[in-house]
Amino acid sequence: DQQVKQNSPSLSVQEGRISILNCDYTNSMFDYFLWYKKYPAEGPTFLISISSIKDKNEDGRFTVFLNKSAKHLSLHIVPSQPGDSAVYFCAGGWNQFYFGTGTSLTVIP
Amino acid sequence: SQTIHQWPATLVQPVGSPLSLECTVEGTSNPNLYWYRQAAGRGLQLLFYSVGIGQISSEVPQNLSASRPQDRQFILSSKKLLLSDSGFYLCAWSTGRTYEQYFGPGTRLTVT
């Protein structure tokens, strides 16, 4: 059973615009959420995290929003840059984390 | 600073052959260690995690096993590979004091 879902396998955005990547989870016990960025043939790189006690965390161009009642989180990238083109994974959990299947973001110059 | 190493980077093995993938972490002590697999078109699946030497928890029953012979060394093994074992294997570590996990470069395994 997939506890973390990323229902959009791909997303294309124009350079300079906002990218919004979505993630849903089913387990209300999840204490923490992570976003990773992955290039082909490389390991994922940690991007940003959010605790379940918060509803927003911001780091430069990246902001993660958490809606616990809806069991939904989203990653906003503003402004989007061509170098942001990668696969983005969200993960939720506590001691161990459950990953979504990823969303492939393409930023068009 | 901390670094994580995995080898080999790529591996092609016949069905039924054994497997040994190694992961080492530098610059930290007593890390939590993880093995993940990413199959083609799939997300990251947690296979094993370890909170200390000799302590291994398995998430998915299969023909793979893991061992942690030293504090910063994590090994993924199989006695007989299956075609379905093909995938991208990732090792990760965390401090155990924070939740963030940091991944190695991965090993691309193709079972033929």
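This write-up is about the structure you can find in this document.

Concerning the overall build of chain A
Then, in step 1: Check the secondary structure of chain A and you find zero helices and 11 strands.
Then, in step 2: Secondary structure elements in chain A, listed N-terminal to C-terminal, are β-β-β-β-β-β-β-β-β-β-β.
Then, in step 3: Projecting the C-alpha coordinates of chain A onto the three principal axes gives extents of approximately 40 × 30 × 20 Å.
Then, in step 4: The buried share of chain A, reckoned over its 109 residues, is 47%.
Then, in step 5: If you take every contact in chain A between residues at least 6 apart in sequence, the share linking residues at least 24 apart comes to 54%.
Then, in step 6: Counting 9 positive and 9 negative side-chain charges, chain A places the averaged centre of each group 3 Å from the other.

A few points about the packing of aromatic side chains
Then, in step 1: Scanning the model with the defined rule gives 18 aromatic pairs over all chains in all.
Then, in step 2: An angle of 45 degrees between the planes, with centres 5.9 Å apart, marks the rings of F30 of chain A and W94 of chain A as tilted. Of this pair, F30 of chain A sits in the loop between β3 (19–25) and β4 (32–38) while W94 of chain A sits in the loop between β9 (86–93) and β10 (97–99), placing them 64 residues apart in sequence.
Then, in step 3: A relative accessible area of 2% means that F30 of chain A is categorised as buried.
Then, in step 4: Judged by its relative accessible area of 33%, W94 of chain A is partly exposed.
Then, in step 5: Taking the centre distance of 5.9 Å and the plane angle of 80 degrees together, the rings of F99 of chain A and F103 of chain B count as edge-to-face.

As for a nonpolar patch on the surface
Residues and elements named next belong to chain A.
Then, in step 1: A cluster of nonpolar side chains, I18, I20 and V78, forms an exposed patch at the surface whose accessible area comes to about 230 Å².
Then, in step 2: Residue placement: V78 occurs in the loop between β8 (72–77) and β9.
Then, in step 3: By relative accessible area, V78 is classed as partly exposed at 41%.

About the thresholds
- Counting from 1, residues in each chain are numbered in the order their sequence is written.
- As a convention, the first chain written is A and the first ligand written is 1, with the rest following in written order.
- Only residues with pLDDT of at least 70 are given local features in this predicted model, and only at 80 or more are side-chain atom pairs given and counted; all residues enter the totals for whole chains, interfaces and linings.
- Hydrogens and water are ignored here; the side-chain numbers use all heavy atoms of the structure.
- Starting at the N terminus, helices and strands are each numbered in turn, a helix being any DSSP run of H or I of at least four residues and a strand any DSSP run of E of at least two.
- In this scheme, a residue with accessible area under 20% of its type's maximum is buried, one over 50% is exposed, and one in between is partly exposed, where area comes from a 1.4 Å probe on protein chains only.
- In this analysis, two residues are considered to be in contact whenever any of their non-hydrogen atoms come within 4.5 Å of each other.
- The charge count treats Lys and Arg as positive and Asp and Glu as negative. His and the chain ends do not count.
- Note on charges: their place is set at NZ of Lys, CZ of Arg, CG of Asp or CD of Glu.
- To pair, rings of Phe, Tyr and Trp, with the six-membered ring standing in for Trp, must have centres within 6.5 Å; the planes then decide the type, stacked if under 30 degrees apart, edge-to-face if over 60, and tilted in the middle.
- What makes a patch is a set of residues exposed beyond 30% relative accessible area and free of salt bridges, joined within 9 Å when like-charged and within 5 Å when nonpolar (Val, Leu, Ile, Met, Phe, Trp, Tyr).
- Accessible surface area values rest on a Shrake-Rupley calculation with a 1.4 Å probe, where residue burial reflects the displayed protein chains alone.
- We define a salt bridge as a side-chain nitrogen of Lys or Arg found within 4 Å of a carboxyl oxygen belonging to Asp or Glu.

Everything listed here is a matter of coordinates, which is why it stays silent on function.
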